[in-house]
Amino acid sequence: MNKLTKWVIGIIVVIAVVITGYFVSQNSSKVSTEQIKIGVVAPMSGNLAFLGEGIRDAMLLAQQDLGNTQYTYELIFEDDQLDSKITASAVNKLLGVNKVDAIVSFGSGPGNVVAPIAEQNNVVHLGIASDPNVAKGEFNFIHWTPPAEENKVFVEELQRRGIKKLGVFESNQQGAAAVMADLKEKLKETDIEIVTDQVFNVGEKDFRSIISKAKNSGAEIYLLMAFSPEVEVLGKQIKEAGINTPLTSIEAFELSEQVDLFEGEWYVNAASPTGDFTTKFEAKTNENPTLGAANAYDIFNLIVAATEAFKGSTKPTPNQIANELTTIKDFNGVLGNLSVDEDGIVISKAAIRMIKDGKPVDIDN
Amino acid sequence: MEIVPQLILNSIIAGSIYALIALGFNFVYGATKFFNLAHGVMAAIGGYAVFYFAKTLGLNLYFAVILGVALAGIVGYGLDKFIYLPLRKRKASNMVLLVASLGAMTALQAVIAILFTSRFKTISQNIGTQKLFEVLGGVITQTQLIIILVTALILAGLVFLLYKTLFGKAVRAISDDEEVAQIVGINTNKIIGYVFFIGSALAGLAGILVGFDTGIEPTMGLGLLLKGVIASVIGGVGNIYGGVLGAFLLGFVENFGIWKISGEWKDAIAFTLLIVFLIFRPRGIMNK
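Residues numbered from 1 in each chain as written. Chains lettered and ligands numbered in written order. Predicted model: local features only at pLDDT ≥ 70, side-chain atom pairs only at ≥ 80, totals over all residues.

## What to know about the overall build of chain A
Along the backbone of chain A there are eleven helices and 15 strands. In terms of overall dimensions, chain A has C-alpha extents of about 85 × 55 × 40 Å along its principal axes. Classification of the 365 residues of chain A by burial places 48% in the buried group. (Helix = DSSP H or I, 4+ residues; strand = E, 2+ residues; numbered from the N terminus. Buried ≥ 20, exposed ≤ 12 C-beta atoms within 10 Å, placed from the backbone.)

## Here's the deal with the overall build of chain B
What chain B contains, in helices and strands, is eleven helices and two strands. Taking 19 Å as the expected radius of gyration for a compact globule of 288 residues, we find that chain B reaches 19 Å, a close match to that expectation. Along the first, second and third principal axes, the C-alpha set of chain B runs to 60 × 50 × 35 Å. Burial statistics for chain B: of 288 residues in total, 50% are counted as buried. (Rg over C-alpha atoms; globule rule 2.2 N^0.38 Å.)

## Quick word on the domain arrangement of chain A
Residue and element names in this part refer to chain A. For chain A, the assigned domains read domain 1 (35-145 + 273-348) and domain 2 (147-269). Distance from the C-alpha centre of domain 1 to the C-alpha centre of domain 2: 28 Å. Counting residues at the interface gives 13 residues for domain 1 and 15 residues for domain 2. Looking at which element gives the most residues to the side of domain 1 that touches domain 2, the answer is helix α4 (residues 108-121), with three residues. Its residues assigned to classes, the side of domain 1 that touches domain 2 shows five nonpolar, seven polar and one charged. (Domains from an automatic or database assignment. Contact = placed C-beta atoms within 7 Å. Nonpolar A, V, L, I, M, F, W, Y, C, P; charged D, E, K, R; others polar.)

## Looking at the sheet that holds strand β4 (residues 124-128) of chain A
All names here are of chain A. Read from one edge of the open sheet, five strands run β2-β1-β3-β4-β5, paired in parallel fashion. A strand with exactly one partner marks an edge of an open sheet, and here the two such strands are β2 (72-79) and β5 (140-142). Adjacent strand axes in the sheet meet at a mean angle of 20°, parallel and antiparallel pairs treated alike. Here strand β1 (residues 35-42) runs beside strand β3 (residues 102-106); their pairing, made up of four bridges, is parallel. Paired with V41 across the strands is S105, a residue of β3. Packing against the sheet, helix α3 (residues 84-96) makes contact with β1, β2 and β3, and its axis sits at approximately 150° to β2. (Pairing = 2+ DSSP bridges. Axes fitted to C-alpha atoms, helices over the stretch in contact; angles between N-to-C directions.)

## Thoughts on the interface of chain A and chain B
The extent of an interface is frequently quoted as the accessible surface area lost upon association of the parts. Each partner contributes residues to the interface: chain A has 26 residues there, and chain B has 26 residues. Ranked by residue count, the leading element in the side of chain A that touches chain B is helix α7 (residues 208-215) of chain A, at five residues. Along the lines of polarity and charge, the residues of the side of chain A that touches chain B split into eight nonpolar, eleven polar and seven charged.

## A word on α7(A)
The element α7(A) is largely enclosed, with a buried count of seven among its eight residues. Among the residues of α7(A), R208(A), S209(A), I210(A), I211(A), S212(A), A214(A) and K215(A) are the ones counted as buried. Tucked inside the fold, the buried residues of α7(A) contact β6 (165-171), β7 (193-200) and α8 (230-240) of chain A together with α1 (4-32) and α10 (240-257) of chain B.

## A look at unusual backbone geometry
Here S228(A) and P229(A) are connected by a cis peptide whose omega angle stands at 10°. Phi is positive for N286(A), close to 60°, though the residue is something other than glycine. Within the secondary structure, N286(A) is located in the loop between α9 (275-285) and α10 (293-308). Judged by the 7 C-beta atoms lying within 10 Å of it, N286(A) falls in the exposed class. You will see that K91(B), though not glycine, has its phi angle at about 60°, which is positive. Tracing the backbone shows K91(B) in the loop between α3 (61-89) and α4 (94-116).

## What to know about the confidence of the model for chain A
Confidence in the prediction for chain A averages 89 pLDDT; 96% of positions are at 70 or higher. Considering only residues more than four positions removed or in separate chains, one finds that residues 28-32 of chain A, a stretch of pLDDT under 50, has three contacts. (pLDDT = per-residue confidence, 0-100.)

## With respect to the packing of helix α2 (residues 39-56) of chain B against helix α8 (residues 188-213) of chain B
Residues and elements named next belong to chain B. With their axes 6 Å apart at the nearest point, α2 and α8 run at an angle of 55° to one another. Between α2 and α8, the angle is such that the two are oblique. In this structure, the crossing between α2 and α8 has a hand that is right-handed. Facing H39, M42, A43, A44, I45, G46, G47, V50 and F51 of α2, the residues of α8 in contact are G199, S200, A203, G204, L205, A206, G207, I208, V210 and G211. Among the residues making up the contact of α2 with α8, the classes are represented as eleven nonpolar, eight polar and no charged. (Parallel < 35°, antiparallel > 145°, perpendicular 65-115°, else oblique. Left-handed = near helix turned anticlockwise from the far one by under 90°.)

## Comments concerning the sheet that holds strand β8 (residues 221-225) of chain A
Paired through backbone hydrogen bonds, the strands of a sheet run either parallel or antiparallel to each other. Residue and element names in this part refer to chain A. Overall, parallel pairing links the four strands, which are arranged β7-β6-β8-β9 in an open sheet. On the outer flanks of this sheet lie β7 and β9 (247-249), each paired with one strand and no other. Across the sheet, the mean angle from the axis of one strand to that of its neighbour is 25°, orientation sign disregarded. Where β6 meets β8, five bridges bridge the pair, whose relative direction is parallel. When the sheet's bridge partners are listed, G167 is paired in β8 with Y222. Those strands touched by α7 are β6 and β7, and its axis lies near 170° from that of β7. Sheet strands touched by α8: β6, β8 and β9. Its angle to β8, the strand with the most contacts, is close to 155°.

The structure is reproduced here in structure tokens:
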């Protein structure tokens, strides 16, 4: 075989590979008219993987619980480690390669990344996020108890307990900032004062000096607003500084895998799921439902409800699904009777919980 | 003013951790004259080794610490033997060695994440129940006290090794001029290999202590390395005493810097200090 023949064979092989690859990819991305693809972007690795796994399990549970439907529903999961930089590429992959009809995201940071992309690509997006900006636009929705609702319950609980001086440790992060901005406004109407407000960067592990600054503030309770692992390290270092002042949080305790660090402390969380969901989730995973799992279950069913409401010969367009979502009222979800408000937010109630025997439990007032 | 004693203690604790990293980093830099970015990941190797040996295999904690330190040293020695030495033999520039160390750091971090996941882990057996000591009006934990004592002991040990032993003389000779050291009969490659072992073992020890104090994650080395490098630059790169002085200066500036302003400025303060030194005293405090 001379050199020229080798070159010709080589070129033919390369062309054959390219053509085969093209048709394989065309085939895999061909959209079935009967199938609704839901892309889920959540942390499947990293410090918050346990939350992403909870969301995945809840959505698979919802898919499994699905009765007879007009369309079939496929779930595609992408890992973003709750890192906004990774979120963008994960969403682009879901849109470009998987051709999804709807996207579900977790966290305010990632939600803010997905929202404009979803709007630009005319794809329905439901975020499990505190920041109301995530719901901006025609195609974006939030299923999370809004900060205003959580703060209302939090302030009422502070007043009920007679707490007048609040100390705050807050992570410089979008979700925490949204909750804190609303809380500060609400506290202006009360006699409760924030006596110390310590802000720190995400990734910080040495809180000793900000704890020293807060120590003599006279705070009657400290509010921790952080993700894992900052929330655990912060809780640990507060104890190590010899501070016995009670700790509380809005959601943060359930963002940790080491909830036993906060044994006996009360906190406010987004709505609690029904006992039936908790039982089913525990049977599937041997774990308590993690933060956002019940929202994920509801989101799957909300997308199904909005899609199934459309009676047509082809599957509904994202526009039609989005329009249908805005009309949802008193939907029977695992987080209660759900309605979508004019801002695209699925309204649900906040709950007061505590860590008891190493597990989060609701407290009746 | 009543928080000043606690801020001083916090600065000493932070300074001690930075010093442990800076000591090993400067020790290696002094002999090789390149920025070994893989030095930080040795801290993660030490921390994860103790996590594995003590928590997973259930070995005695002290034995696990020795194994962790040794493993970090061996990995550092291996990097020199299999990556840096062949490059040095080919007269590779310091930039090539730096890029190679960046590659080694990234690869080792990825391996740790694959083996142990990226989740933050604690190796402390007594979370939140550590013995607390009152020192000069401030509070310090048992682990933090050990960190300070270990740093002092390591500094003393390293000074003894460098200035009172034949090995130390050889290291100093290589640090002054590697070619001349070779001419006078010093096996420089062998000595540099040992330097990598000791420097990496020190980083491993720092990672273990940080693991006991806060916790471990695969990327922990990068943050520690950055602070160690800042400390080294401030104190004088390659200078053992300079690294320690720079580490404590950094610890004090960081912790006192956020006394009156928000804690989110901490890193900005550290890097501003670095820039100030790079502009006005690039050789650091100790180097002439």
